[in-house]
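# Inside the fold
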Amino acid sequence: MSSAVLAQLMAQGAGEGADLATLRAIIEEAGELAAARAMARLGLDDAAAAKDMAELRELLGAWRDAKRSVWKAVLGWVVRIAGALLLTGLAAKFGFWDWVK
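This structure, assessed with the given rule, holds one salt bridge. Where Asp65 meets Arg68, a salt bridge forms, and the shortest distance between an N and an O atom there is 2.9 Å. Separated by three residues within a single helix, Asp65 and Arg68 lie in helix H3 (residues 49-93), roughly one turn from each other. The partly exposed category is assigned to Asp65, whose relative accessible area is 41%. Judged by relative accessible area, which is 45%, Arg68 ranks as partly exposed.

Another point: the packing of aromatic side chains. Here the structure, examined in full by the defined rule, presents zero aromatic pairs. One Lys or Arg, Arg80, reaches over the ring of Trp77 and ends 5.6 Å from the middle of that ring.

Reading guide: rules and limits
Residues numbered from 1 in each chain as written. Predicted model: local features only at pLDDT ≥ 70, side-chain atom pairs only at ≥ 80, totals over all residues. Heavy atoms only, no water. Salt bridge = Lys/Arg side-chain N within 4 Å of Asp/Glu carboxyl O. Helix = DSSP H or I, 4+ residues; strand = E, 2+ residues; numbered from the N terminus. Buried < 20%, exposed > 50% of the residue type's maximum accessible area, 1.4 Å probe, protein only. Phe/Tyr/Trp six-rings, centres within 6.5 Å; stacked < 30°, edge-to-face > 60°. Lys NZ or Arg CZ within 6 Å of the ring centre and 35° of its normal.

Here it is, written out as structure tokens:
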């Protein structure tokens, strides 16, 4: 799976009139070559790449969990504050402060 194989397939396709099987082979080789180049550019072409990707996925999962927890906490505080304001308003409306005196 190198550029030499791709060049050989291209030459074969040009020489034979490029039948469907040859074109599919060219496309497959080009795709694999492009994927390998992309992985190399990202630094994911070594033996530790699978471990690195697993760690990145774990980190991303932890980030998503943290965001979800923050939103739940914020929503909880908003509900508590709204409830406290509602109870304070009801107490003021029904004259609770007069009962305390």
